[in-house]
Amino acid sequence: MFVPLSRIVLLAVACFTPLVASFAQPAPPGAQPLSSSQSATYQDVMREAGALQRARRSKDAFALLSAYESEFAGDPYFDYQLGVAALDAGQAQVAQQALERAVLVRPDFAGAWVDLALSHARLGEAETALQIVAHIEESFDVPVPLREQLQSLRAELAGPPLRRAWNPSALLGGRSGYVQLSAGHDSNANLGLSASVFSLTPIGAPSLLVQIPPSARAAGDAYTQLRGDLQQTLQFGEQQKGRIYLSGQYKEFGSLKEFNLADGSLSYVHEYALPKAPEWALEGIAGARAIATGGNRLATISTIGAGLVAYGKQCRWGARFSSEIRDYGLSGYVDADVPTVSLSATCRQSLSQTSVVASVARDLPREVRAGGRTDRYELGVHYVRQITPRVMMSASGAVGYYRDAEGYSPLLESGAIRHVTRTSARVAWFWEFDPAHPEWTLHAELERLQDRSNLEIFQLNNTKAAVGIRYQY
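Each chain carries its own residue numbering, running from 1 in the written order of its sequence. For this predicted model, a pLDDT threshold of at least 70 governs which residues receive local features, and a threshold of 80 or more governs which side-chain atom pairs are given and counted, while totals over whole chains, interfaces and linings are taken from all residues. Side-chain measures here rest on the full set of heavy atoms in the structure, leaving out hydrogens and waters.

Draft legend 1. Quick peek at the state of the cysteines. Two cysteine sulfur atoms form a disulfide, by the criterion used here, when they sit within 2.5 Å. With the rule as written, the count across this model stands at one disulfide. One disulfide bridge connects Cys315 with Cys347, the sulfur atoms lying 2.0 Å from each other. Disulfide Cys315-Cys347: torsion about the S-S bond near 115°, hence right-handed. Placement of Cys315 in strand E9 (residues 315-328) and of Cys347 in strand E10 (residues 336-348) is noted, with a sequence separation of 32 residues between them. Think of it in three bands: residues with accessible area under 20% of the maximum for their type are buried, residues over 50% are exposed, and the middle band is partly exposed, with areas taken using a 1.4 Å probe on protein chains only. When its relative accessible area of 15% is taken as the criterion, Cys315 is described as buried. Under the relative-accessibility criterion, Cys347 is labelled partly exposed at 29%. In DSSP terms, a helix is any run of H or I states spanning at least four residues, a strand is any run of E spanning at least two, and both are numbered starting from the N terminus.

Below you can see the structure in the form of structure tokens.
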């Protein structure tokens with residue numbers, strides 16, 4: 001059974017961190033004191049490496065201990081210290097070798113066993129990591145809270161992963177994605193208007209009620225949808241990495257064929273860790289997206305940007321500036337540039353992940369259009385939780401406020417300036433069919449979108465419900 005590396009590390013980091021603090025004793029129960037024949041250099045190296053680790057200078061601690069590996073390898077406490085520093089520095093292979101030496105000499109060194117399991121998890125060796133977890137549970141008197149965490153970890157390593165979660169360890173070759181086929185019903189397949197009439201208020205004249213034709217009003221329809229994405233991590237030396245994102249969807253309506261949707265995107269993020277501050281990194285973003293509706297190109301959106309990210313043990317924070325170039329292919333739309341500033345935070349716990357993104361943008365048309373410039377303010381929250389080893393839940397919500405710079409039309413409410421408040425919510429469930437094949441899940445989702453505006457004609461409501469099957473990899 002293949003378990004994606006990104007999921008293994010997320011779960012292992014979240015669950016093993018408190019275990020390491022509990023088990024990583026200077027010497028395990030029954031350990032002998034350091035031999036008097038050991039040199040002062042050994043004590044100095046261990047003391048300095050410990051200080052560097054406490055100062056979160058893992059790479060420096062790893063470099064120091066590596067320089068003395070040929071001299072002190074075989075000492076279980078040196079090998080344990082080297083393994084911990086190597087793990088923190090992203091050198092899982094070195095960590096595995098050092099920790100294997102430690103447990104070979106001292107089989108009762110519980111802390112070394114814990115980090116050895118973590119090193120196997122980071123290398124993508126889920127089965128071996130599970131076997132070590134079982135050995136820890138069977139061989140050591142683990143406190144009840146920590147035993148529960150180990151049991152949760154066991155279930156998570158063997159169960160359906162949170163495939164699209166952020167990977168804080170930026171592992172070599174990390175890959176995740178899914179393909180999903182579903183069928184459902186859309187209450188507003190044509191994104192039509194909620195109102196049946198709207199008012200025109202010519203300047204200096206009384207208001208007139210205008211009937212909205214049925215073709216412009218909301219129409220429901222059944223649909224089938226194929227959707228998928230792929231995320232691939234690339235590594236360029238020790239301080240640089242790249243991430244490629246591919247995603248796409250095709251939506252086929254039963255009757256309203258002119259609203260069939262095709263949407264595909266490709267984006268690339270390159271990250272460069274700051275040499276003097278490894279917890280911080282600079283990132284560059286480039287991407288493109290194409291949208292077609294009814295077989296006609298609706299828009300091509302190109303994106304370029306730069307950002308700053310910071311990594312903690314369980315959270316990732318980011319600040320980004322980007323600019324979109326929107327090129328529309330259908331009449332009635334005006335090409336535009338959309339510079340955006342956003343702030344984000346993603347935090348991971350043992351069985352859940354929460355992401356928050358806040359952004360401010362300005363939609364700048366390249367030609368004259370109704371309403372002129374539009375200012376956009378958006379806040380989104382996404383939450384994922386593993387409810388049981390075979391059931392996962394995903395929920396997201398967003399609120400946006402959009403305000404034009406000038407009156408939308410002299411005829412609409414005497415040239416009133418349009419503003420729209422958009423709220424959306426989505427919840428999805430995933431059920432694993434068979435523990436032997438966790439990559440296959442049953443999927444169900446419910447989504448609600450609503451626009452409220454001071455101009456009645458721009459009111460909109462949309463509800464979608466769907467069920468389907470998903471293959472995760």
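Once the structure has been displayed, the description carries forward.
Draft legend 2. Spatial organisation of the packing of aromatic side chains. Between 30 and 60 degrees the pair is tilted, below 30 it is stacked and above 60 it is edge-to-face, where a pair is any two Phe, Tyr or Trp rings, Trp via its six-membered ring, whose centres lie within 6.5 Å. Applying the stated criterion across every chain, the model contains ten aromatic pairs. With a centroid separation of 5.2 Å and an interplanar angle of 75°, the aromatic rings of Tyr42 and Phe72 are classed as edge-to-face. Pair noted here: Tyr42 is in helix H2 (residues 40-54) and Phe72 is in helix H4 (residues 69-72), with a separation of 30 residues, a long-range link. You can call Tyr42 buried: its relative accessible area is 2%. Taking 4.9 Å as the distance between ring centres and 55° as the angle between the ring planes, the aromatic pair formed by Trp440 and Tyr471 counts as tilted. Highlighted residues: Trp440 in strand E15 (residues 437-453) and Tyr471 in strand E16 (residues 460-472), separated in sequence by 31 residues. Taking relative accessible area as the criterion, Trp440 reaches 37% and is therefore assigned partly exposed. Ring pairing ties together the aromatic residues Tyr42, Tyr68, Phe72 and Phe78, which thus form one cluster. Above the face of the Tyr223 ring, Lys251 is positioned so that its terminal group lies 4.3 Å from the ring centre. Lysine NZ or arginine CZ positioned within 6 Å of the ring centre and within 35 degrees of the ring normal marks a charge as sitting over the ring. The residue whose ring lies beneath Arg418 is Phe458, and the NZ or CZ to ring-centre distance is 4.6 Å.

Draft legend 3. Representation of unusual backbone geometry in the model. The backbone phi angle of Leu191 is positive, close to 50°, even though this residue is not glycine. Relative to the assigned elements, Leu191 resides in the loop between strand E1 (175-186) and strand E2 (197-200). Leu191 sits in the exposed class, given a relative accessible area of 52%.

Draft legend 4. Representation of helix H3 (residues 58-67). Buried within H3 are the following residues: Ser58, Ala61, Phe62, Leu64 and Leu65. Angular distribution of buried residues about the axis of H3 spans 165°; they occupy a single face of the element. The directions from the helix axis to the C-beta atoms form the arc being described.

Draft legend 5. Just a nonpolar patch on the surface, in detail. A patch consists of residues whose relative accessible area exceeds 30% and which take part in no salt bridge; residues with like charges are grouped when within 9 Å of each other, and nonpolar side chains (Val, Leu, Ile, Met, Phe, Trp, Tyr) when within 5 Å. Here the accessible surface of atoms and residues is derived via Shrake-Rupley with a 1.4 Å probe, and residues count as covered only by protein chains that are part of the display. The working definition used for a salt bridge is a side-chain nitrogen of Lys or Arg within 4 Å of a carboxyl oxygen of Asp or Glu. Where nonpolar side chains cluster on the molecular surface, the patch consists of Val179, Leu181, Leu226, Tyr250, Trp429, Trp431, Phe433, Trp440, Leu442, Leu446, Ile469 and Tyr471 and spans about 1100 Å² of accessible area. Mapped onto the fold, Trp431 is located in strand E14 (residues 417-434). Looking at Trp431, the relative accessible area reads 34%, which means it is partly exposed.

Draft legend 6. Quick look at the packing of H3 against helix H5 (residues 76-88). Axes here mean lines fitted to C-alpha atoms, for a helix over just the part in contact, with angles spanning 0 to 180 degrees between N-to-C directions. Viewed as axis vectors pointing N to C, H3 and H5 meet at an angle of 140°, and their least axial separation amounts to 8 Å. Here H5 runs oblique to H3, going by the angle between their axes. Seen from above, H3 lies across H5 with left-handed handedness. Side by side, H3 and H5 meet where Ser58, Ala61, Phe62, Leu65 and Ser66 of the first sit next to Phe78, Gln81, Leu82, Ala85, Ala86 and Asp88 of the second. Under this grouping Gly is polar, as are all residues other than the nonpolar Ala, Val, Leu, Ile, Met, Phe, Trp, Tyr, Cys and Pro and the charged Asp, Glu, Lys and Arg. By residue class, the composition of the contact of H3 with H5 is seven nonpolar, three polar and one charged. Angle categories are assigned with fixed cut-offs, so that under 35 degrees is roughly parallel, over 145 is roughly antiparallel, 65 to 115 is roughly perpendicular, and the rest are oblique. Throughout, a crossing is termed right-handed when the near helix is turned clockwise from the far one, and left-handed when it is turned anticlockwise from it by less than a right angle. Contact criterion: two residues are considered in contact whenever any of their non-hydrogen atoms come within 4.5 Å of each other.

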